[in-house]
Amino acid sequence: MMDEETVDLSVNFSNIRHAVTVREWKSGFCRARKKVILNGVSGSFRSGELVMVMGVSGAGKTSLLNILAGAQKGFSGDVSVIDKGQRARNVNSVYILQDSLVAEFLTVNEAMIFASRFKIGRSRKAEDLQELIDRILVSLSLYELRNDRSTGLSGGEKKRLTIALEMIRDPTVMFFDEPTSGLDYSTSIQCMKVLKKLAKDGRVIIATVHQPTPLVLQECDQLYVLAAGKCIYNGRYDAIVQHLRASFDIVCPQTYNPAEFLLEIASDAYENDWRDRLLTASESPNGEAVDGLLQDIKLRYDLPYGATFFRQLAVLVRRRALITHRDISLIGLRSAIHILCIAIVCILYHGIGRKAEDVLNNMRYILNTLSYFSFVSHSANCSVIPREIPIVKREHFNGWYSILPYYLSLVIVDLPLHLMAATLYAIVTFWVTGQDMEIQRLAVFVAGCNGLAIVGHCIGYTTGFIFNVQNASILGQTYMVAFFVSSGYFITRRDAPSYLQWLFDISFMRHGYNSLVVSIYGFNRTRIDCDEMYCQYTVPKKILQAVDVEDSGGWPNILNLLYLTLVFLVLGYFVARRRILNVTTRK
């Protein structure tokens, strides 16, 4: 922890201007216009003081915090961190977002241990790390909860745990986006007392607040109030009344919370010129307006990662494996559903592979296999990935790990589970349904099932990183249906319109379907026995011709599935990178 001496550190900003382009419908046309978010704000936030940035919705407080934290692009002005009279190049800072999300199914102590492995690496012994963790937990009143899982913590406890995780590297600058959001009255006060204590240890603590209570504001050392993108007050909370009376001849009623009264003026709740007077007084001396292209200043508080690439990957794999092992809905429920599906398939399609009169039922068995692995593997990520994106954003932005090892950890932990399930399904159902138990046929069938599961899972990565849970479940299934329709079961490629045949070429379901059909009716299979007076499909080659599948041995289709796996893996990584780097997006 920091020494108790006040560190000569400050975050300074001058003439910060930021505008965004918004689109709105007017007279039946979509028109774009510039919306000013911040218009020439300046200030200085010093170490040892708890600073609260306050304002009504849309005042620009979150945008200002994002700019100061280095999470916002497209602004003009100057931002600097002054350390002992010198402009600092690398600043040990953290940005804690509004959502107090932590990795599920980990105890408080386990979460702290994993955080320490990212931030400190192998430079300290395990005993020393545990001693550091214990000190942090004691300081934040979490030591008694060290063996409790994060899913059982209250909102205030999760907020403190989020702070504790970032205290491992002892940051000097900490940004908090509405730390009291979602907390009750007493918990909000406790949270602000924690921030006050962190500030007194010599850190720069900057937090945005919406409508704090007087007791919360009393913990504040500096209040920075925004309205319409301008600063209308910068000072102590207990000096608001005197400032309004002396500077603007505005008298705050004795029964009013001065901060709320100031916000009421800022929101133009009174039919007078008070708001205009405050905004006019806050204009910069040069009176410049935000217009045209803004200078893009890249401000990042860069510090080297505490762990190497391979150590990051190892720790991420271990953490994800532990969470996956403890997640009953992920392992237990899915295993039960998978076993139930195998049982149903075995009952419905028992022994159909031996007789020619059951060829159509055998094709339905192939269709069932195709749809099951494609849709189930895809849907597995649509609910898991969007939920953990806010956690990954915070951890990556605060220097825990880079994006590539995180993405690889998803592949390393998740894909083997799907491969095991696909292999079990393929072997059991292939045998029970009475297919020819030849090694090459079984190998192609197992490979086809695994290929469908892998590609569907990789497409699920892309879907999960693009959409939220609701949109992923709706929009994600839309293009999966397009792949499904072009699988070759419902209509063959030769019978499809020429302008849609490209869809069959890129459809992973078509390649998977072809490999499954070839594994059963390919490899120069002999005539199929028929117990009826007449069977239309007794010659396997005619079956392949009817469904427009070449007897190529199945492996070219497996190779195409491998190519598509690589394509969607790479695409998923770049989509994940774009989503995670956009820290200012909440979901």
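A few points on the structure. Once a new chain begins, its residue numbering starts again from 1 and follows that chain's sequence as written. In view of the model being predicted, local features appear only for residues whose pLDDT reaches at least 70, and side-chain atom pairs are presented and counted only at 80 or more, with totals across whole chains, interfaces and linings using the full set of residues. Side-chain descriptors were evaluated using all non-hydrogen atoms of the structure, hydrogens and water having been removed beforehand.

1. Details of the side chain of serine 515
Basically, it comes down to this: Where helices and strands are cited, they refer to DSSP runs of H or I of at least four residues and of E of at least two residues respectively, numbered from the N terminus. Burial here depends on accessible area, computed with a 1.4 Å probe over protein chains only, as a share of the maximum for the residue type. Under 20% is buried, over 50% is exposed, and the range in between is partly exposed. Note on contacts: a residue pair qualifies if any of its non-hydrogen atoms lie within 4.5 Å across the two residues.
Along the polypeptide, serine 515 turns up in helix α17 (residues 508-521). Judged by its relative accessible area of 0%, serine 515 falls in the buried class. Sequence-distant contacts of serine 515, that is, excluding residues within four places in its chain, are made with Val444, Gly448, Gly554, Asn557 and Ile558.

2. Considering the nonpolar core
The cut-off we apply is this: Take the buried Ala, Val, Leu, Ile, Met, Phe, Trp, Tyr and Cys residues and link them wherever side-chain atoms come within 4.5 Å; each set so joined is a nonpolar core.
Ranked by size, the top nonpolar core spans 140 residues in total, and within it Ile163, Leu223, Phe465 and Phe508 carry the most contacts. The element contributing the most residues to this core is helix α14 (residues 439-466), with 14 residues. With sequence-adjacent residues up to four places away left out, isoleucine 163 is seen in contact with Ile96, Leu140, Met174, Phe176, Val194, Leu195 and Leu198.

3. Comments concerning helix α5 (residues 185-200)
Under the convention used in this document: Every helix has an expected span of 1.5 Å times one less than the residues it contains.
Its 16 residues place the ends of α5 23 Å apart at the C-alpha level, agreeing with the 22 Å of an ideal helix rising 1.5 Å per residue. By the burial criterion, the buried members of α5 are Thr187, Ser188, Ile189, Cys191, Met192, Val194, Leu195, Lys196, Leu198 and Ala199. Just past α5, the residue glycine 202 takes up positive phi, approximately 105 degrees.

4. So, the sheet that holds strand β10 (residues 230-235)
Applicable threshold: Should DSSP find at least two bridges between two strands, the strands are regarded as paired. Lines are fitted to the C-alpha atoms to define the axes, a helix being fitted only along its stretch in contact, and any angle between axes, read from their N-to-C directions, falls within 0 to 180 degrees.
Here 6 strands make up an open sheet; going across it, the order is β6-β7-β8-β3-β9-β10 and the pairing mixed. Of all strands in the sheet, those with a lone pairing partner are β6 (93-96) and β10, marking the two edges. Taking the axes of each pair of neighbouring strands and ignoring which way they run, one obtains an average angle of 15 degrees across the sheet. As judged from the 5 bridges shared by strand β3 (residues 50-55) and strand β9 (residues 222-227), these two strands associate in the parallel manner. Residue pairing in the sheet places methionine 52 in a bridge with leucine 223 of β9.

5. Here's the deal with the environment of valine 428
By the secondary structure assignment, valine 428 is in helix α13 (residues 403-432). Considered as a pair, valine 428 and isoleucine 342 are 86 residues apart in the sequence and their alpha carbons are 7.7 Å apart. Not counting the four nearest positions on each side in its chain, valine 428 is found in contact with Ile342 and Cys346.

6. A few points about the state of the cysteines
The line we're drawing: In this description, the term disulfide denotes a pair of cysteine sulfurs within 2.5 Å.
Applying the stated rule across the entire model yields 1 disulfide. Disulfide partner of cysteine 530: cysteine 535, at an S-S distance of 1.8 Å. With the S-S bond torsion at 70 degrees, the cross-link from cysteine 530 to cysteine 535 turns out right-handed. Sulfur of cysteine 252: no disulfide; nearest cysteine sulfur belongs to cysteine 220 and is 16 Å away. In this structure cysteine 252 comes out as buried when scored by relative accessible area, which is 9%.

7. Observations regarding unusual backbone geometry
Glycine aside, the phi torsion of most residues is negative, and most peptide linkages are trans. Phi is positive for aspartate 170, close to 55 degrees, though the residue is something other than glycine. Along the chain, the position of aspartate 170 falls in the loop between α4 (155-166) and β7 (173-177). Even without glycine at this site, aspartate 249 takes up a positive phi of about 55 degrees.

8. Quick look at the packing of α17 against helix α19 (residues 555-581)
How we decide: An angle counts as roughly parallel when it lies under 35 degrees, as roughly antiparallel when it exceeds 145, as roughly perpendicular when it falls between 65 and 115, and as oblique in every other case. Take the far helix as your reference; a near helix turned counterclockwise from it by less than a right angle gives a left-handed crossing, and one turned clockwise gives a right-handed crossing. Each residue gets one label: Ala, Val, Leu, Ile, Met, Phe, Trp, Tyr, Cys and Pro are nonpolar, Asp, Glu, Lys and Arg are charged, and the others, such as Gly, are polar.
Two elements in contact, α17 and α19, have axes whose closest approach is 8 Å; the angle formed by their N-to-C orientations is 155 degrees. In this view, α17 runs roughly antiparallel relative to α19, as classed from their interaxial angle. The chirality of how α17 crosses α19 is left-handed. Of α19, the residues touching α17 (which contributes Phe508, His511, Gly512, Asn514 and Ser515) are Asn557, Ile558, Asn560, Leu561 and Leu564. Taken together, the residues of the contact of α17 with α19 break down into 4 nonpolar, 6 polar and no charged.

9. Regarding the packing of aromatic side chains
Spelled out, the test is: Planes of paired rings set the category: under 30 degrees apart is stacked, over 60 is edge-to-face and the rest tilted, where pairs are Phe, Tyr or Trp rings (Trp by its six-membered ring) whose centres lie within 6.5 Å. Consider the ring centre and the ring normal. A charge sits over the ring if Lys NZ or Arg CZ is within 6 Å of that centre and within 35 degrees of that normal.
Tallying each qualifying case throughout the model produces 28 aromatic pairs. Ring centres 5.1 Å apart and planes at 55 degrees place the aromatic pair phenylalanine 118 and tyrosine 401 in the tilted group. Of this pair, phenylalanine 118 sits in helix α2 (residues 108-119) while tyrosine 401 sits in the loop between α12 (359-397) and α13, placing them 283 residues apart in sequence. With respect to burial, phenylalanine 118 and tyrosine 401 carry one shared label: buried. A centroid spacing of 5.9 Å and a plane angle of 80 degrees characterise the contact between tyrosine 256 and phenylalanine 261, whose relative ring orientation is edge-to-face. Look at tyrosine 256 and you get partly exposed, because its relative accessible area is 36%. Relative accessible area serves as the criterion here: at 2%, phenylalanine 261 is assigned to the buried category. By the ring-pair criterion, three or more aromatic residues cluster together here, those being Phe375, Phe484, Tyr489, Phe490 and Tyr513. The ring of tyrosine 143 has arginine 146 sitting right over it, with the charged end atom 4.0 Å from the ring centre.

10. Structural notes on the pairing of β6
Here is the key point about a regular strand: its side chains alternate between the two faces of the sheet. The two faces of β6 match: Ser93 and Tyr95 on one face and Val94 and Ile96 on the other face are all buried. Bridge count for β6 against β7 is 4 bridges, and the pairing is parallel. Across the sheet, tyrosine 95 pairs through a bridge with phenylalanine 175, a residue of β7.

11. Brief notes about a nonpolar patch on the surface
Using the following cut-off: Patches in this entry comprise residues that are over 30% relatively accessible and not in a salt bridge; like charges within 9 Å are linked, as are nonpolar side chains (Val, Leu, Ile, Met, Phe, Trp, Tyr) within 5 Å. Note that accessible areas follow from Shrake-Rupley with a 1.4 Å probe, and for residues the cover is restricted to the protein chains shown. Only one rule defines a salt bridge in this text: a Lys or Arg side-chain nitrogen within 4 Å of an Asp or Glu carboxyl oxygen.
On the surface, Tyr499, Leu500, Trp502 and Ile506 cluster together into a nonpolar patch covering about 440 Å² of accessible area. Looking at the element boundaries, tyrosine 499 is found in the loop between α15 (469-485) and α16 (501-506).

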